[in-house]
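Each chain, letter by letter, is given below.
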Amino acid sequence: MKPASPALLRNYVDGEFVGSAATFDNINPVDGSLIAQVCEADRATVEAAVAAARLALQGPWGAMSVQQRAAMLHKVADGIAARFDEFVAAEVADTGRPLEQARTLDIARGIANFRTFADLAACANTDAFEMATADGAGALNYTVRKPLGVVGIISPWNLPLLLLTWKVAPALACGNAVVAKPSEESPATATLLAEVMRDAGVPRGVFNLVHGFGADSAGQFLTESKGIDALTFTGESRTGSTIMKAVADGVKEVSFELGGKNAAVVFADADFDAAVAGVMRSSFTNSGQVCLCSERVYVERPIFERFVAAIKAKVDALKIGYPDEGGVDMGPLISHGHRDKVLGYFRLAEQEGATVVAGGGVPHFGDARDNGAYVQPTVWTGLPDSARCVTEEIFGPVCHIAPFDAEDEVVARVNASDYGLACALWTTNLSRAHRVARRIHVGLVWVNTWYLRDLRTAFGGVKLSGLGREGGRYSLDFYSDVANICIKL
Ligand SMILES: NC(=O)c1ccc[n+]([C@@H]2O[C@H](COP(=O)([O-])OP(=O)(O)OC[C@H]3O[C@@H](n4cnc5c(N)ncnc54)[C@H](O)[C@@H]3O)[C@@H](O)[C@H]2O)c1
Ligand SMILES: O=C/C=C/C=C(\O)C(=O)O
């Protein structure tokens, strides 16, 4: 599949595509081929983007009503939809993911994010309180949401368009102007988005795009810019910590969606086939490169052996291949560098004493894919909860399955993590579902499903998994200055 992305991916500043002195390679992880060169924004370019965003707030964008902004965001959604296949091809070229996933998840959610937050913002209510006063005349309090101003957005490579627009859409819906820095691993759909913004008539400076890396590059320059009013970041927990320090002096508003080491818990009373299918999705979707994936699986002892055997059979049957191959289940990891990290955990697991139930290595294709970043989907058993492979985020197609005997035991084991993002519970006992879901110390619990998303709900993690919540009104509140006005009657 030939990518749609242009030969040169440029930054988008103040309504213009601009080059840069330095460029870096954009590599296809399926076969290691060069897709395009990417212009790396220097500090001056980042500051120019921040200044353009500030200026845009004084222009037509700042004068628009929320209804007018919502209409503009629907035009952006229309623009993505009109170029749907280009976005799919660009996302697939950058990431190697199955074509079907790019179509049904990544690009579809890019469109949905703009439409959802356009409508939520246009229909959002705020609070009002009448209060009695000593003089009997009373007072009226009401809340207003005002734009934060200039919002810095830094996004990861695992769901490139989905996660970039998960931030851009509400930020713009709330009247801000943004400077977005996508991952260096997945620059293509962000660049197409800039074209769509321009063509939809989004005023210059409202949406700015700077390409580059993190430290000593565009990411760091953006976090250090004194011209941003807030920073929203999705990525690794340790990167979040670095960014938090960078914005601390300016006391900037931050929203962090970070790493996870999520658990799936399968009780003996679960619908067995549904739980097997569900854990296959939650451990191997997107080659395990989803922050919500289950790298830890706990199965109640009476069904443990049967469950492990069922998962092994499904994993051995997974079709690994080219993105546009019919029935392909899994593509490569995002890069050779990330593959080396995951293979390092494959080796560590064996040193820590794991039983390798399935996978544990690199598939051999005998074609160009052998130059790609593929690994085998992998299943382990036999490790203690203290093993690094059971405590550290690997971010690959791998899970460790362990037996448990009691509800209190498994709740304690699931919660004994530095992370707290998501959990998937499998049980047909309704009382247990509600009881255990509330006891798990995470931001997101799915019961008898996984990654079923209502964009109006709170999304985020606790502990090392994040700071703040986005989604629905939580996004409207984060991307706004919420002020209370009290009128003495
Ligand atoms: N909680 C969530 O919703 C969520 C969603 C997706 C991914 N993630 C997490 O993201 C990670 C995978 O993504 P990744 O490898 O791109 O993460 P990463 O932290 O390496 O990079 C994320 C982004 O931050 C930038 N960056 C890196 N160092 C920086 C710095 N010092 N200053 C400013 N910017 C910097 C990168 O260029 C990239 O754009 C995993 O840990 C995954 O769990 C979390
Ligand atoms: O890799 C993490 C996935 C995050 C997904 C979302 O933020 C979402 O579905 O809105």
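Residues numbered from 1 in each chain as written. Chains lettered and ligands numbered in written order. Predicted model: local features only at pLDDT ≥ 70, side-chain atom pairs only at ≥ 80, totals over all residues. Heavy atoms only, no water.

### Notes on the overall build of the protein
From N to C terminus, the protein includes 16 helices and 23 strands. For 489 residues, the compact-globule estimate of 2.2 N^0.38 gives 23 Å, and the protein sits close to it at 23 Å. Overall, the protein is about 70 × 65 × 40 Å in size when its C-alpha atoms are taken along their principal axes. Buried residues in the protein amount to 56% of all 489 residues. The contacts in the protein between residues at least 6 apart in sequence include a share of 74% that link residues at least 24 apart. In the structure as shown, the protein presents an accessible area of about 18,700 Å², 53% of it carried by carbon and sulfur atoms. (Helix = DSSP H or I, 4+ residues; strand = E, 2+ residues; numbered from the N terminus. Rg over C-alpha atoms; globule rule 2.2 N^0.38 Å. Buried < 20%, exposed > 50% of the residue type's maximum accessible area, 1.4 Å probe, protein only. Contact = heavy atoms within 4.5 Å. Areas by Shrake-Rupley, 256 points an atom, 1.4 Å probe, with all protein chains shown as cover.)

### Structural notes on the site of ligand 2
Contacts to ligand 2 come from R109, N158, L159, L162, L163, W166, V290, C291, Y451, R453 and F459. N158 is positioned such that a nitrogen or oxygen atom in its side chain is 2.6 Å from an oxygen atom of ligand 2. At 2.7 Å from an oxygen atom of ligand 2 is found a main-chain nitrogen or oxygen belonging to C291. A total of three residues in the shell around ligand 2 trace back to one element, the largest contributor, which is helix α6 (residues 160-173). (Near = heavy atom within 4 Å. Polar contact = N/O pair within 3.5 Å; in protein donor to acceptor, adjacent residues only side chain to side chain.)

### Here's the deal with the sheet that holds strand β1 (residues 8-9)
The pairing of strands in a sheet happens through backbone hydrogen bonds and is either parallel or antiparallel. What the three strands build is an open sheet, ordered β1-β5-β4; its pairing is mixed. The open sheet is flanked by β1 and β4 (22-27), the only strands paired with a single partner. For β1 and strand β5 (residues 34-40), the ladder comprises two bridges, and the chain directions are parallel. Bridge assignment links L8 to a residue of β5, and that residue is Q37. (Pairing = 2+ DSSP bridges.)

### Some thoughts on the sheet that holds strand β19 (residues 422-426)
If you trace the seven strands from one edge of the open sheet to the other, you get β15-β16-β17-β14-β13-β19-β20, paired in mixed fashion. The sheet is open, and its two borders are formed by β15 (355-358) and β20 (444-447), each paired with just one other strand. Ignoring which end each strand starts from, the neighbouring axes of this sheet average 25° apart. Pairing geometry for β15 and strand β16 (residues 378-381), over three bridges, is antiparallel. (Axes fitted to C-alpha atoms, helices over the stretch in contact; angles between N-to-C directions.)

### Focus: the pattern of salt bridges
Evaluated as defined, the whole model comprises 31 salt bridges. Salt-bridge contacts for D85 lead to R103; the nearest nitrogen and oxygen are separated by 3.0 Å. Placement of D85 in helix α4 (residues 84-95) and of R103 in helix α5 (residues 99-123) is noted, with a sequence separation of 18 residues between them. Its relative accessible area of 33% is what places R103 among the partly exposed residues. The salt bridge involving D454 is made with R456; its shortest N-O contact spans 2.6 Å. By relative accessible area, R456 is classed as exposed at 56%. (Salt bridge = Lys/Arg side-chain N within 4 Å of Asp/Glu carboxyl O.)

### Let's talk about helix α14 (residues 407-415)
All of the buried residues along α14 are E407, V410, V411, R413 and V414. Buried residues along α14 cover an arc of 165° about the axis, so they all sit on one side. The secondary structure elements touched by the buried residues of α14 are β13 (262-266), β14 (294-300), β17 (398-404), β19 and α15 (430-439). (Arc of directions from axis to C-beta.)

### Some words on the packing of α4 against helix α7 (residues 188-200)
For the pair α4 and α7, the least separation of the axes is 8 Å and the interaxial angle reads 155°. Between α4 and α7, the crossing angle belongs to the class labelled roughly antiparallel. Residues E86, F87, A90, E91 and D94 of α4 form the contact with α7, whose participating residues are A188, T189, L192, L193 and V196. Its residues placed into classes, the contact of α4 with α7 shows six nonpolar, one polar and three charged. (Parallel < 35°, antiparallel > 145°, perpendicular 65-115°, else oblique. Nonpolar A, V, L, I, M, F, W, Y, C, P; charged D, E, K, R; others polar.)

### Section: the domain arrangement of the protein
A common measure of how large an interface is: the accessible area buried when the components associate. Domain parsing of the protein yields domain 1 (7-258 + 465-488) and domain 2 (262-454). Computed from C-alpha coordinates alone, the two centres of domain 1 and domain 2 are separated by 31 Å. Domain 1 puts 25 residues into the contact, and the matching count from domain 2 is 31 residues. When domain 1 packs against domain 2, close to 2,100 Å² is buried across both sides, 59% of that on carbon and sulfur atoms. The interface formed by domain 1 and domain 2 contains one salt bridge. The tally of links from domain 1 across to domain 2 stands at eight residue pairs in polar contact (both at pLDDT 80 or more). When residues of the side of domain 1 that touches domain 2 are traced back to their parent elements, those giving at least two are α4, α5 and α6. Here the element with the most residues in the side of domain 1 that touches domain 2 is α5; it accounts for four residues. In terms of residue class, the side of domain 1 that touches domain 2 is built from eleven nonpolar, seven polar and seven charged. (Domains from an automatic or database assignment. Buried area = accessible area lost by both parts, 1.4 Å probe.)

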